[in-house]
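# Structural overview
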Amino acid sequence: MAPFDAENVASSCPSFTRPRILLVDDDESLLDALALVLEQNDFAVSSASNVNQALALIASNPFDVLVSDLHMPEYGDGLTVVSAMRHANPAAVTVIFSAYPEMKRAAQEILKQTDAVVVKPLGVDNLIHVIRERLHQGPGASPRKIESVADILERCIESTVEEWLRMVAAEPQILCVPLDEHDRSAHVAELLREVVARLRAPIPLGPRDHASAAAAEHGLLRRQQGYTAAMLVEESRLLQASIFQTLHENFGKIDFSLVLVDVMAIADECEWQLAQQMSSFVSDANAEAWNPPNSIHRQVA
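The paragraphs below set out a description of the structure included in this document. None of the values given here were measured: they were computed from a predicted structure.

### Examining the environment of Asp-183
- Along the chain, Asp-183 turns up in helix 10 (residues 181-184).
- Sequence-wise, Asp-183 and Arg-222 are 39 residues apart; in three dimensions their C-alpha atoms are separated by 9.9 Å.
- Excluding anything up to four places from it in sequence, Asp-183 contacts Arg-222 and Gln-225.
- A polar side-chain atom of Asp-183 sits 3.4 Å from a polar atom in the side chain of His-182.

Have a look at this one:
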């Protein structure tokens, strides 16, 4: 019996539907050449030379395969395109076609949002083989679950507070004020919830017209507990570090389509929270200077 030949079947069967591929690369000469080769191998190819074009095509067309470069100079990158395809076409095969060999391991072991990585110097034949193999395997048992940054942080508030406490425990500058874990982290969970709320109801970066009750209370409490302003700043830095550690641990689940905007919003919100902490911290210090705790107030008859 002669071996099965998909190309001969495609040319002899009018009902054969060619797999639909979205090809994304900012190198237009490579894009054109690769599109031509894929068309010659019985794929229906749509091309995009930047992220915006790719997102528009994903929104308006069904695709069986995405082949995208990782590094592109315009806003966004291959991961943004992959994330968008995962949302619009969960069963589509996604392949990163990259000139960076290190991305083979990174995408497979860390990003976990692509089905395969093909390094460009290995040639188009290898890419076509990978695409056909993945299409033959069919969709996975279940699409990978992709979450927003806000959902991840909300789900991981408890573990983020624990990570923050672990970081604080390694800072002698902060530990010089002895507190148990409950008192040390009194407002941290609420500060994280305010970060989540900021991500879910985004506001422009910069404007500081929203109040943070938790931040104000935290600054006042720290003053009363004996913290210095420098310790308050270091605590805030560690809070950002614990947030980004949580995101790192959930890297394979992140929706990359908005991750850059979310990261900027997190940094902006943490800075605003620190500003409000410092404001209440300084206000309490000024009040104490005017009314020292051991001063004697005499009532004039």
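### Quick notes on the packing of aromatic side chains
- Tallied over the full model, the rule gives zero aromatic pairs.
- Lying over the aromatic face of Tyr-227, Arg-222 brings its terminal NZ or CZ to 4.5 Å of the ring centre.

### Let's talk about a nonpolar patch on the surface
- There is a patch of nonpolar side chains on the surface, built from Leu-205, Leu-258, Leu-260, Val-261 and Met-264 and spanning about 440 Å² of accessible area.
- When you line up the elements, Val-261 lands in helix 14 (residues 259-290).

### With respect to the packing of helix 11 (residues 188-200) against helix 12 (residues 213-225)
- Remark: helix 11 packs on helix 12, axes separated minimally by 9 Å, with the N-to-C direction vectors making an angle of 150°. When the axes of helix 11 and helix 12 are compared, the pair comes out roughly antiparallel. Judged by the twist between their axes, the crossing of helix 11 over helix 12 is left-handed. Contact residues: helix 11 offers Glu-190, Leu-191 and Glu-194, while helix 12 offers Ala-213, Ala-214 and Ala-215.
- Here the contact of helix 11 with helix 12 is composed, by residue class, of four nonpolar, no polar and two charged.

### Describing empty space enclosed by the protein
- Summed over the entire model, instances satisfying the criterion amount to one cavity of 30 Å³ or more.
- In this structure, the largest cavity spans a volume of roughly 60 Å³.
- Considering the residues around the largest cavity, the lining is formed by Trp-164, Val-188, Leu-191, His-218, Glu-235, Ser-236, Leu-239 and Gln-277.
- Those elements giving two or more residues to the lining of the largest cavity turn out to be helix 11 and helix 13 (229-249).
- By residue number, the principal contributor to the lining of the largest cavity is helix 13, which donates three residues.
- Taken together, the residues of the lining of the largest cavity sort by class into four nonpolar, three polar and one charged.

Definitions and limits used
All residue numbers refer to positions counted from 1 along the written sequence of the respective chain. Side-chain atom pairs in this predicted model are given and counted only at pLDDT of 80 or more, local residue features only at pLDDT of at least 70, and totals for whole chains, interfaces and linings cover all residues. By convention in this description, side-chain values take in all heavy atoms of the structure and omit both hydrogens and water. We count a stretch as a helix when DSSP gives it H or I for four or more residues in a row; a strand needs E for two or more, and each element gets its number in order from the N terminus. Two residues qualify as a contact provided that any one of their heavy atoms is within 4.5 Å of a heavy atom in the partner residue. Within 3.5 Å is the distance limit for a polar contact, defined as a pair of N or O atoms, with the added protein rule that one can donate a hydrogen and the other accept it, and that residues adjacent in sequence qualify only through two side-chain atoms. Two rings from Phe, Tyr or Trp (for Trp, the six-membered ring) form a pair when their centres are within 6.5 Å of each other. A pair whose planes differ by under 30 degrees is stacked, one over 60 is edge-to-face, and the rest are tilted. Note on criteria: charge over ring means Lys NZ or Arg CZ within 6 Å of the ring centre, with the direction from the centre no more than 35 degrees off the ring normal. For patches, a residue must show more than 30% relative accessible area and have no salt bridge; joins then use 9 Å for like charges and 5 Å for nonpolar side chains, namely Val, Leu, Ile, Met, Phe, Trp and Tyr. For accessible areas, the Shrake-Rupley method is used with a probe of radius 1.4 Å. Any residue's cover is judged against the shown protein chains and nothing else. By salt bridge we mean one thing: a side-chain nitrogen of Lys or Arg within 4 Å of a carboxyl oxygen of Asp or Glu. Fitted lines through C-alpha atoms serve as axes, helices being fitted only where they are in contact, and the angles separating the N-to-C directions of these axes extend from 0 to 180 degrees. The cut-offs work like this: below 35 degrees is roughly parallel, past 145 is roughly antiparallel, 65 to 115 is roughly perpendicular, and the gaps in between are oblique. Take the far helix as the reference: if the near one is turned anticlockwise from it by less than a right angle, the crossing is left-handed, and if turned clockwise, right-handed. The classification used treats Ala, Val, Leu, Ile, Met, Phe, Trp, Tyr, Cys and Pro as nonpolar, Asp, Glu, Lys and Arg as charged, and all other residues, Gly among them, as polar. Put simply, the grid is 1 Å and covers the protein atoms alone, a cavity is a trapped set of points that fit a 1.4 Å probe, a pocket is an open set with protein on both sides within 12 Å along at least five of seven lines, and lining residues have an atom within 4 Å of a point. Grid points are joined across faces, edges and corners, and a volume is the space filled by probe spheres set on the points.

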